[in-house]
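Next come the chains, spelled out residue by residue.
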Amino acid sequence: MEVVIVPDAAAGGELIAEAMAQLLRRKPDALLGVATGSTPLPIYQALTAKVRSGAVDTARARIAQLDEYVGLPSEHPESYRSVLRREVLEPLGIGMDAFMGPDGTAEDVAAACVAYDRALAEAGGVDLQLLGIGTDGHIGFNEPCSSLASRTRIKTLTEQTRVDNARFFDGDIEQVPHHVITQGIGTILEARHLVLLATGEGKADAVAATVEGPVAAVCPASALQLHPHATVVVDEAAASKLKLADYFRHTYANKPEWQGI
């Protein structure tokens, strides 16, 4: 696992966006796995700027969704499909025909989960998967003690997660769905490159457990230690609990420039 410590969220967004741009130059039809939330927004903004400047072409790029609410119509403004259309696809000029996501309104949700796993495999697999991390170490909606071999499946949201997400639903927790579909940890680990961005002091403990702690289901993100190409990008605040922070700074400063992240 490579750990890159950057000054702030904007620098992290630029670094990751450039890695995505380099991937698209090598493989124009790359399948990019994307996440929702506020953390990845600097990535999408930086990549959009590159597209608008002509530095990279996303005409053939494909987008894959990490998770989705169950029972929320796809046209609902807070469905993750709608959020990603606003924050990723439209700014990058990518049509919905190049978008893949699980069907949160399916009558048979379990079958929809299996179908999404199969669709990802049939599409050739995710080339680069963006991830955020929760303060408890969750990735996607894989809460602590999720199986490290888990596949795309339905999960029940904790009360705290519903409280946290109520701000997107006019502050009304009753509007927040109780269930989600999420790629499992085993599914996530099949992507060719995993890139996790974490910013802020509130993520420092989770980052330290992910990078320097044991691989354990109590910190789902620690499974990234098992991946052959995982990159963790953190700002100074999120890196504040890392015992090996100086080593990580040294190794990144001295790596070959051609290597990228």
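As annotated in an unreviewed UniProt entry, the chain carries the name Glucosamine-6-phosphate deaminase and is attributed to Streptomyces brasiliensis. For the record of the chain, the UniProt heading Catalytic activity (unreviewed entry) holds the text "alpha-D-glucosamine 6-phosphate + H2O = beta-D-fructose 6-phosphate + NH4(+)". Per UniProt, the comment on the chain under Sequence similarities (unreviewed entry) is "Belongs to the glucosamine/galactosamine-6-phosphate isomerase family. NagB subfamily."

(A) Seen up close, the pattern of salt bridges. Using the criterion set out here, one finds twelve salt bridges in the structure. One salt bridge in this structure joins Lys255 and Glu2, with 2.7 Å as the shortest N-O distance. One end of the pair, Lys255, is in the segment after helix H8 (245–253); the other, Glu2, is in strand E1 (residues 2–6), with 253 residues separating them in the sequence. Note on Lys255: relative accessible area 18%, which makes it buried. A relative accessible area of 21% means that Glu2 is categorised as partly exposed. Residue Asp246 pairs with Arg249 through a salt bridge whose shortest N-O separation is 3.0 Å. On the criterion of helical spacing, the pair formed by Asp246 and Arg249 is a turn pair, its members being three residues apart in helix H8. Residue classification places Asp246 among the exposed residues on the basis of a relative accessible area of 61%. A single salt-bridge network, built from bridges that share partners, covers Glu14, Glu18, Arg25 and Lys50.

(B) Main features of the sheet that holds strand E9 (residues 193–198). Ordered by their spatial adjacency, seven strands build an open sheet running E1-E10-E9-E6-E2-E3-E5, and the pairing between neighbours is parallel. Strands at the two margins of the open sheet, each flanked by one partner only, are E1 and strand E5 (99–100). Here strand E2 (residues 31–34) runs beside strand E3 (residues 62–65); their pairing, made up of four bridges, is parallel. Paired with Leu31 across the bridge in E3 is Arg62. Packing of helix H3 (residues 80–92) onto the sheet brings it into contact with E2, E3 and E5, and relative to E3 it is tilted by some 145 degrees.

Parameters and conventions
- Residues numbered from 1 in each chain as written.
- Predicted model: local features only at pLDDT ≥ 70, side-chain atom pairs only at ≥ 80, totals over all residues.
- Heavy atoms only, no water.
- UniProt positions renumbered as here; feature names shortened; annotations may be inferred.
- Salt bridge = Lys/Arg side-chain N within 4 Å of Asp/Glu carboxyl O.
- Helix = DSSP H or I, 4+ residues; strand = E, 2+ residues; numbered from the N terminus.
- Buried < 20%, exposed > 50% of the residue type's maximum accessible area, 1.4 Å probe, protein only.
- Pairing = 2+ DSSP bridges.
- Contact = heavy atoms within 4.5 Å.
- Axes fitted to C-alpha atoms, helices over the stretch in contact; angles between N-to-C directions.

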